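# Survey of secondary and tertiary structure
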Amino acid sequence: MGVFATMFVLFLCSVNAHSSHRKDGLQRRAVDACSCCNQNGGCVITAPPPPNKACNCVHSWWSTCGGQIRDCVEPNAFFSTYPDTSLGTCLQGGGNCLGYSETCDCQYVFRSCKLTRPAIARTACRCIYKGLWVCTGMIVLCRNQYSIYCDKPELSKESCLLVNGKCVY
C-alpha cells in the first residue's frame, strides 16, 4: 500500500474512532464507547473500551467495522484490566480481530504440530492441524493467564499446550 493510501486509511480510521459527545463545550469520547476500524480486511480497535470491559469489533459486509462494549471473555485478565488498542484487547471482546498484523505459526511434525513462531505477550498460539501435512497457528487468549508461558510465550511444548493445541515435541 502506498504512502498516500496508508495515510488515507489512517485518516478514515481516526475519523471513525471518535465516538464523542459534547460536555461543557469540550468534545470527549463517551465513557461507555469503543470503536473499531477496517484494516487489512479485518477489524482493529481504534478507541479502547473502559477498564474491565471489552470492545467487540463487528465487520460488516460493506467493509466497515463497528465496536460495541461488552463483558470481557476473561475478567481480571491483563487486557481486561488495562485495555488498549492491541490484539489482546480485541480478543477480550470476542469479535473480528483479523486486521492485526501480529501472527504466530506452527509446522507439521508427524501427525501433529510444533510451534515455529510464538504468540505476542499475554496471549498464546493455538496450533491447528489443517490436514494434508499442514499446520497453522492462531493467536488466542491464554487458558491460564497466570502462567509464565502466557506472559512470555516461547516455542516450547508448554507454550503450545497452554491452549490445548495440537502439539508434539
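Use the structure listed above.
Owing to the predicted nature of the structure, the values given are computational and were not obtained by experimental measurement. (Residues numbered from 1 in each chain as written. Predicted model: local features only at pLDDT ≥ 70, side-chain atom pairs only at ≥ 80, totals over all residues. Heavy atoms only, no water.)

## A word on the pattern of salt bridges
Selection criterion: One speaks of a salt bridge when a side-chain nitrogen belonging to Lys or Arg is within 4 Å of a carboxyl oxygen belonging to Asp or Glu. Under the DSSP-based scheme used, a helix requires at least four consecutive residues in state H or I and a strand at least two consecutive residues in state E, with every element numbered from the N terminus. Throughout, exposure labels follow a simple rule: accessible area from a 1.4 Å probe, protein chains only, divided by the maximum for the residue type, with under 20% read as buried, over 50% as exposed, and the rest as partly exposed.
Counted under the stated rule, the structure contains one salt bridge. Its salt-bridge partner being Lys-53, residue Asp-71 comes within 2.7 Å of it at the nearest N-O pair. Separated by 18 residues along the polypeptide, Asp-71 in the loop between strand S6 (65-70) and helix H2 (78-81) and Lys-53 in the loop between strand S4 (42-47) and strand S5 (54-59) bring together distant segments of the chain. Taking the relative accessible area as the measure of exposure, Lys-53 reaches 30% and is therefore partly exposed.

## Digging into the packing of aromatic side chains
Applied cut-off: Side-chain rings of Phe, Tyr and Trp, where Trp is taken by its six-membered ring, are said to pair if the distance between their centres is within 6.5 Å; with planes under 30 degrees apart they count as stacked, over 60 as edge-to-face, and otherwise as tilted. By the criterion adopted, a ring carries a charge over it if an Arg CZ or a Lys NZ lies within 6 Å of its centre and within 35 degrees of its normal.
Inspection of the entire model under this criterion finds three aromatic pairs. Summarising the aromatic geometry, the rings of Phe-78 and Phe-79 are spaced 5.3 Å apart at their centres and angled 85 degrees between planes, so their arrangement reads as edge-to-face. Since its relative accessible area comes to 8%, Phe-79 is described here as buried. Ring geometry for Phe-78 and Tyr-82: centres 5.2 Å apart, planes at 45 degrees, overall tilted. The ring centre of Phe-78 lies 3.7 Å from the NZ or CZ of Arg-122, which sits over that ring.

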